[in-house]
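Structural overview for review
One letter stands for each residue in the lines below.
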Amino acid sequence: NAGVTQTPKFRVLKTGQSMTLLCAQDMNHEYMYWYRQDPGMGLRLIHYSVGEGTTAKGEVPDGYNVSRLKKQNFLLGLESAAPSQTSVYFCASSSSTRGPTEAFFGQGTRLTVV
Amino acid sequence: AQSVTQLGSHVSVSEGALVLLRCNYSSSVPPYLFWYVQYPNQGLQLLLKYTSAATLVKGINGFEAEFKKSETSFHLTKPSAHMSDAAEYFCAVSDRGFQKLVFGTGTRLLVSP
């Protein structure tokens, strides 16, 4: 049972380069999220999706774009990477059932922009 | 907007001692509350969640948390720390509509022998 899988696990980019982070979940969840984790700041929501074909901005969306063409996949894109985007990125998914449902997290992608 | 505050970025305890990690939320309506744990180089996993069925919530690995509306708190405790409890702990909140999680800044628990 894979759960939430993120690709790649590590990446080094030069300033101005672009890249796409892939998140895949096999739990048939409606909701998917991208967070970034920085020391002393916890996890901050970048973008999220409530279903296939939908996306919405979170707390820190600038410099990122996302797409949810398939229910199981949620892509995070950096069009022109900046050193401020050096971070650990986590994808998560959860079901849309009523009540406090658990979010399942991937292992993270450690991105360094030089 | 919902938010949580975690007091203390680091907490140090000895093995066998009581663990207390603090979390306060800001909301006029009791939200959904969660505690997640992150072990080194891993993603987050759920420890426990407040469902409003009971104010004292029991989670995995012997952890529990008590919801106190009067204090807007949801502190995490464990009677006796184990070395394997060393990790970073995050309190999180979501409203009762769409469950977009908002995390606290985290507390790193250090356990010494």
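Scroll up a little and you will see the structure.
Along each chain, residue indices are assigned from 1 in the same order as the chain's sequence is written. Following the order in which they are written, the chains are lettered starting with A and the ligands numbered starting with 1. A pLDDT threshold of at least 70 governs which residues receive local features in this predicted model, and a stricter bar of 80 or more applies before side-chain atom pairs are shown or counted, although totals over entire chains, interfaces and linings include all residues. Side-chain metrics rest on all non-hydrogen atoms present in the structure, leaving aside hydrogens and water.

1. What about the interface of chain A and chain B?
Condition: We call two residues in contact whenever any of their non-hydrogen atoms come within 4.5 Å of each other. Summed over both partners, the accessible surface that disappears when two parts come together, traced with a 1.4 Å probe, is what is meant by buried area. In the sections that follow, a salt bridge refers to a side-chain nitrogen of Lys or Arg positioned within 4 Å of a carboxyl oxygen of Asp or Glu. For the purposes of these results, a polar contact is taken to be a pair of N or O atoms within 3.5 Å, where, inside protein, one atom must be able to donate a hydrogen and its partner to accept one; residues adjacent in sequence count only when each atom of the pair is a side-chain atom. Helix and strand definitions follow DSSP, with helices as H or I runs of at least four residues and strands as E runs of at least two, each counted in order from the N terminus.
Listed per partner, the contact involves 23 residues of chain A and 21 residues of chain B. Counting the surface lost from both chain A and chain B, the interface buries some 1,800 Å², and carbon and sulfur atoms represent 57% of this. Three residues, Leu43(A), Pro100(A) and Phe105(A), lead the burial of chain A against chain B; their summed loss comes to 30% of the area buried on that side. Between chain A and chain B we count zero salt bridges in total. The interface formed by chain A and chain B holds three residue pairs in polar contact (both at pLDDT 80 or more) in total. Mapped by element, the contributors of at least two residues to the side of chain A that touches chain B are strand S4 (31-38) and strand S5 (42-49) of chain A.

2. Comments concerning the pattern of salt bridges
Cut-off, in case you're wondering: Burial classification: accessible surface area is computed with a 1.4 Å probe over protein chains only, and a residue below 20% of its type maximum counts as buried, one above 50% as exposed, and the rest as partly exposed.
Following the criterion strictly, the structure yields six salt bridges over all chains and no others. Taking the shortest distance from any N to any O, the salt bridge between Asp38(A) and Arg44(A) comes out at 2.9 Å. Each member of the pair Asp38(A) and Arg44(A) is classed as buried. Between Asp85(B) and Lys78(B) there is a salt bridge, with the nearest N and O atoms lying 2.8 Å from each other. The pair formed by Asp85(B) and Lys78(B) is uniform in burial state, with each residue classed as buried. In this structure, a network of salt bridges that share partners links the residues Arg36(A), Asp38(A) and Arg44(A).

3. Some remarks on the sheet that holds strand S7 (residues 65-67) of chain A
All names here are of chain A. This is how the line gets drawn: If DSSP finds at least two bridges between two strands, the strands pair. All axes are obtained by fitting lines to C-alpha atoms, using only the stretch in contact for helices, and the reported angles, taken between N-to-C directions, cover 0 to 180 degrees.
Reading across from one edge, S1-S3-S8-S7 is the order of the four strands in this open sheet, with antiparallel pairing throughout. Across the chains shown, the open sheet's two edge strands, defined by having one partner strand only, are strand S1 (4-7) and S7. For this sheet, the mean inter-axis angle between neighbouring strands, taken without regard to orientation, is 20 degrees. The pairing of S7 with strand S8 (residues 73-78) spans three bridges and is classified as antiparallel.

4. Things to note about the environment of Leu45(A)
You can see Leu45(A) is positioned in strand S5. With 10 residues separating them along the chain, Leu45(A) and Tyr35(A) place their C-alpha atoms 4.5 Å apart. Excluding anything up to four places from it in sequence, Leu45(A) contacts Tyr33(A), Trp34(A), Tyr35(A), Gly58(A), Glu59(A), Val60(A) and Lys100(B).

5. Some words on unusual backbone geometry
Trans peptide bonds make up most of the peptide bonds, and negative phi angles are found at most residues other than glycine. With an omega of -5 degrees, the peptide bond between Thr7(A) and Pro8(A) qualifies as cis. Structurally, Pro8(A) is set in the loop between S1 and strand S2 (10-13). With phi around 60 degrees, Asn41(B) is a residue other than glycine that occupies positive phi space. Counting through the fold element by element, Asn41(B) comes out in the loop between strand S5 (32-38) and strand S6 (44-50). Positive phi outside glycine occurs at Asn61(B), with the angle close to 60 degrees. Considering the arrangement of structural elements, one finds Asn61(B) in the loop between strand S7 (56-58) and strand S8 (64-68). Given the relative accessible area of 42%, Asn61(B) is considered partly exposed.

6. Some points on the pairing of strand S9 (residues 87-94) of chain A
Residue and element names in this part refer to chain A. Of all eight residues in S9, eight are buried, a share of seventy percent or more. In S9, alternate side chains face the same way, and those of Ser87, Tyr89, Cys91 and Ser93 on one face and Val88, Phe90, Ala92 and Ser94 on the other are all buried. Summarising the sheet, S4 and S9 pair through seven bridges and their orientation is antiparallel. Counterpart to Arg36 in the pairing with S9 is Tyr89. Pairing geometry for S9 and strand S11 (residues 109-113), over three bridges, is antiparallel. What sits directly across from Ser87, in S11, is Leu111. As paired strands, S9 and strand S10 (residues 104-105) are joined by two bridges and run antiparallel to one another. Among the inter-strand pairings, Ala92 is bridged to a residue of S10, identified as Phe105.

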